[in-house]
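Structural overview
For reference, the chains in residue letters:
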Amino acid sequence: MRKTPVIEVKNLYKTYFMEGGNSQLVLKNINFKINEGEFVAIMGPSGSGKSTLMNILGCLDKPTKGSYVLDGYDIENKNDIELAKIRGQKIGFVFQNFNLMMKRTIADNVSLPLVYQNIKEKERYKRALQMLKKVGLLGYQKRPPSQISGGMQQRVAIARALVNNPSIIFADEPTGNLDSKTSDEIMELFTELNKQGITIVLVTHEDDVANYATRMIKISDGCKVYDGLRKDYSKEKETKC
Amino acid sequence: MLKAILKEAWISITSYKLRTFLTMLGILIGVAAVVMMVSAGQAVQLHITKSFSSMGSNRIFISPAELVTGGVRGARGLPSVTVDDVKALKELKGVKAASYEGRTAVQVVYGSNNYGTSVYGTNPDILEVNNSEIEDGVMFTQKDVKSARPYAVIGQTMVNELFGLQNPIGKTIRLKGQPFKVIGTVKEQGDGLFGNDMDNFIYIPYTTLRQRLAGSDRPQYVNMAYVVAKSEQEIDAVSKRIEYLLRARHRLKEGEKNDFQIRPMTDFINKVRNVGFVLSMLLAVIASISLIVGSIGIMNMMLVSVTERTREIGTRKALGAPNNWIMTQFLAESILISFIGSFIGMILGIIISQLAGTILGYEVPISIWAVVVSVSVAIIVGIVSGLMPALKAMRLNPIDALRYQ
Ligand SMILES: Nc1ncnc2c1ncn2[C@@H]1O[C@H](COP(=O)(O)OP(=O)(O)OP(=O)(O)O)[C@@H](O)[C@H]1O
Ligand SMILES: [Mg+2]
């Protein structure tokens, strides 16, 4: 597999400034690269800064300091409109609570990102069907998401994340709302997609879920304390913050 | 892109049908009220204009000049127009008829019946002036006027009150003890604009009035003269000619004020039309208060909607929706609601006012005004009430929005 970096993070810091003048340093000097086709699990204790990192990687937020290059685009000097465009074209999101629109059909949900790419309705529908086929839900396109199970809803969300042919998929605790059996099914789907060449970065604090990934990055107290193969990880290999 | 936004907006508002309908109701009732009020005002205007026109819109009134004392307009001056003036006016170009009147109130007696009425001393042209016709018998002639014959032509109220089922023609009635022969009756005119009885009158020759009923030391001078122009278009030209002729006949020098005043019927009609217009506008303004209430309703609903759909907004932004897209979508939702609401309101307003017109027997015009007002109000209300919520949606930070429960 060709190894080109999709993500390159250098000396990244994030500070939250709160009302009343307080501030909190949440990410400290983070550095890493993620290559095309990788399957990365970001782990760490609650409050360590995983979601903060994911939001920055997903171009929903900007670092306070340091550089972030996504697929050749330097995020630092991009405005809101350009960031929206990058999100729409390069990134697929999968959320813990699915975030589907319950009043719309499954096909409408899947094709929603294409609306913002000014793609025609017929083409959107066609692409939605292709994605539903990929996640094993062909036949459900006309129904509303409220009629299907949580696991199936997350599949719909994955189909939606795939529909714009993104360079990378970010999933923040995608199995957090699912039972272990359904979680396994979702993780098998991710593995399958990764085998097809799709780059996946997910956040989890479940070891079982992380085991599906090949690489693991561990964050603790805002620092990267481990970065390596998932199967090589052990507590002793962590660096100090 | 606009089509896609409109479609998203449409699906959103139709997803919450009851709430959308209730929100719409305010604007719907507001527009219906405006349309109904404007229609009512216009119906009144139309009714008044028609009433005046049926009295003859090409009439010109000539009366003595108003006395101006210290800049204050006051009572009428002494009569200055004579019977001979009127004769001369009749010969002017564009003049169809010219008449005049002297008036006195009398108790008219026939046999054991009597009734209070106004007696008008006039000439045969008065029929033309009042846009009326003879029903039975004949009108007295110019010759009858010249020789001061004791003839009377009476209105339908007189016929009913004095004669009942008898034929009045040829009968003798008494005015102030003097005998008058009824030679004709005038067709029913109906009620006047203010509900006054237009059929309660007696016409007699002017000369007879002066000689037998209401003497005057200046019998040649009339209180009021009327000219009927051949058409409404000629009124201005005829008015000018009247002024020119009367000034010459009264030997007024240049710079001297007219000792008479000329007022075309169209002046009255225009005044009344203006009053009707102001009335319409006043009603419309009052009704538009309900529009303000309606737009507050939309704003309120949209604000609730933005809060409720915070996570949806966050998701849309994460999936690549630019801020202006989000703003336009919410704006489109409020515009759609107010547009549909005002469209239905407009239709409803037209239907109700037509229905009311049919029931009450008035002709109610369908006003272009109402359409223009409701469409523009819809767009303005939609924008105004949707702007704040749309900006709120646009400014939502996607991270906060996604975390919102
Ligand atoms: N918008 C914000 N403003 C201020 N502080 C924030 C904000 N978002 C997160 N934080 C703080 O930053 C720290 C890291 O939060 P973050 O959500 O990244 O943790 P996490 O690793 O995702 O935790 P979890 O496993 O519970 O999801 C926490 O202390 C949190 O309180
Ligand atoms: Mg988190």
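Every value quoted in this text rests on a predicted model; they were computed, and no experiment measured them.

What counts as what
- Residues numbered from 1 in each chain as written.
- Chains lettered and ligands numbered in written order.
- Predicted model: local features only at pLDDT ≥ 70, side-chain atom pairs only at ≥ 80, totals over all residues.
- Heavy atoms only, no water.
- Helix = DSSP H or I, 4+ residues; strand = E, 2+ residues; numbered from the N terminus.
- Rg over C-alpha atoms; globule rule 2.2 N^0.38 Å.
- Contact = heavy atoms within 4.5 Å.
- Areas by Shrake-Rupley, 256 points an atom, 1.4 Å probe, with all protein chains shown as cover.
- Lys, Arg positive; Asp, Glu negative; His and termini not counted.
- Charge placed at Lys NZ, Arg CZ, Asp CG, Glu CD.
- Near = heavy atom within 4 Å.
- Polar contact = N/O pair within 3.5 Å; in protein donor to acceptor, adjacent residues only side chain to side chain.
- Nonpolar A, V, L, I, M, F, W, Y, C, P; charged D, E, K, R; others polar.
- Salt bridge = Lys/Arg side-chain N within 4 Å of Asp/Glu carboxyl O.
- Buried < 20%, exposed > 50% of the residue type's maximum accessible area, 1.4 Å probe, protein only.
- Patch = residues over 30% accessible without salt bridge, like charges linked within 9 Å, V, L, I, M, F, W, Y side chains within 5 Å.
- Domains from an automatic or database assignment.
- Pairing = 2+ DSSP bridges.
- Buried area = accessible area lost by both parts, 1.4 Å probe.

**Side note on the overall build of chain B**
Along chain B, the regular secondary structure elements total 13 helices and 14 strands. Over its C-alpha trace chain B gives a radius of gyration of 34 Å, far above what one expects of a compact globule, namely 22 Å for 405 residues. Its C-alpha atoms give chain B principal-axis dimensions of about 105 × 60 × 35 Å. By sequence separation, contacts in chain B at least 24 residues apart represent 76% of the contacts at least 6 residues apart. On chain B, roughly 20,200 Å² of surface is accessible, and the fraction owed to carbon and sulfur atoms is 61%. Distance between charge centroids for chain B: 4 Å, based on 42 positive and 31 negative side chains.

**Regarding the site of ligand 1**
Around ligand 1 there are 13 residues in total, and Ser46, Gly47, Lys50, Ser51 and Thr52 of chain A lie nearest to it. Ligand 1 sits at a junction of chains, with neighbouring residues supplied by chains A and B. Contact distances for ligand 1 include 2.6 Å between an oxygen atom and a side-chain N or O atom of Ser46 of chain A. In this structure, Ser51 of chain A approaches ligand 1 through a side-chain N or O atom, which is 2.7 Å from an oxygen atom. Taken by itself ligand 1 offers 630 Å² of open surface, and the protein chains cover 69% of this. At the level of elements, β2 (23-35) and α1 (50-57) of chain A are the ones that each hand at least two residues to the shell around ligand 1. With three residues, α1 of chain A is the largest single contributor of residues to the shell around ligand 1. Its residues placed into classes, the shell around ligand 1 shows three nonpolar, seven polar and three charged.

**Focus: the pattern of salt bridges**
Inspection of every chain in the model, using the stated rule, returns 29 salt bridges over all chains. Between Glu308 of chain B and Arg19 of chain B there is a salt bridge; the shortest N-O distance is 3.2 Å. Linking Glu308 of chain B in helix α9 (residues 265-308) with Arg19 of chain B in helix α2 (residues 17-54), this pair joins segments that are 289 residues apart in sequence. By relative accessible area, Arg19 of chain B is classed as partly exposed at 23%. Among the salt bridges present, the one from Glu333 of chain B reaches Arg309 of chain B, with a minimum N-O distance of 3.0 Å. In this pair, Glu333 of chain B is assigned in helix α11 (residues 323-360) and Arg309 of chain B in the loop between α9 and α10 (310-318), connecting sequence segments 24 residues apart. Residues joined by salt bridges that share partners form a network here, namely Arg104 and Asp108 of chain A together with Glu8, Arg309, Glu312, Arg316 and Glu333 of chain B.

**Some thoughts on a nonpolar patch on the surface**
Residue and element names in this part refer to chain B. A contiguous nonpolar surface patch, about 810 Å² in accessible area, is contributed by Phe343, Ile344, Ile347, Ile351, Leu355, Ile359, Leu360 and Tyr362. Mapped onto the secondary structure, Leu355 falls in helix α11. Taking the relative accessible area as the measure of exposure, Leu355 reaches 52% and is therefore exposed.

**Quick look at the domain arrangement of chain B**
Entries for chain B in the domain assignment read domain 1 (2-51 + 271-403) and domain 2 (81-258). For domain 1 of chain B and domain 2 of chain B, the distance between their C-alpha centres works out to 57 Å.

**A closer look at the pairing of strand β9 (residues 172-175) of chain B**
All names here are of chain B. Here β9 shows a clear split, with Ile173 and Leu175 buried on one side and none of Thr172 and Arg174 buried on the other. Bridge count for strand β5 (residues 95-110) against β9 is two bridges, and the pairing is antiparallel. Opposite Val108, over in β9, you have Leu175 as the bridge partner. By the bridge criterion, four bridges tie β9 to strand β10 (residues 178-186) in an arrangement that is antiparallel. Counterpart to Leu175 in the pairing with β10 is Gln178. Counted between consecutive antiparallel strands, the loop separating β9 from β10 contains two residues, among which Lys176 sits at a positive phi close to 50 degrees.

**Quick word on the environment of Thr23 of chain B**
All names here are of chain B. By the secondary structure assignment, Thr23 is in helix α2. Remark: the alpha-carbon pair of Thr23 and Asn300, spanning 277 residues in sequence, is separated by 8.9 Å. Thr23 has contacts with Gly297, Ile298, Met301 and Ile337, leaving out every residue within four places of it along the chain.

**Re the interface of chain A and chain B**
Taken together, the 21 residues of chain A in the interface contact 23 residues of chain B. Here chain A and chain B share an interface that buries about 2,100 Å² over both sides, 58% of which is from carbon and sulfur atoms. Note that Lys7 of chain B is salt-bridged to Glu121 of chain A, the shortest N-O span being 2.3 Å. Counting every contact that joins chain A to chain B gives seven residue pairs in polar contact (both at pLDDT 80 or more). Elements supplying a minimum of two residues to the side of chain A that touches chain B: α2 (80-90) and α3 (106-115) of chain A. Ranked by residues supplied to the side of chain A that touches chain B, first place goes to α2 of chain A with four residues. A class-by-class count of the residues in the side of chain A that touches chain B yields nine nonpolar, five polar and seven charged.

**Thoughts on the environment of Gly49 of chain A**
Residues and elements named next belong to chain A. Along the chain, Gly49 falls in the loop between β3 (39-43) and α1. Taking the C-alpha atoms as reference points, Gly49 and Lys134, 85 residues apart in sequence, are found 32 Å from one another. For Gly49, the residues in contact, after removing those within four places along its chain, are Val26 and Leu27.

**What to know about unusual backbone geometry**
Although it is not a glycine, Asn118 of chain A sits at a positive phi angle of roughly 55 degrees. Along the chain, the position of Asn118 of chain A falls in the loop between α3 and α4 (121-134).

**Thoughts on the side chain of Lys50 of chain A**
All names here are of chain A. Residue position: Lys50 is located in helix α1. Although Lys50 lies buried, it forms no salt bridge, and the closest oppositely charged side chain, Glu173, sits 4.9 Å away as judged by the N-O distance. Within the structure, Lys50 has its side chain in polar contact with the backbone oxygen of Gly44 (distance 3.0 Å). A polar side-chain atom of Lys50 sits 3.0 Å from the main-chain carbonyl oxygen of Pro45. Apart from the residues within four sequence positions on either side, Lys50 is in contact with Ile42, Met43, Gly44, Pro45, Glu173, Val203 and His205.

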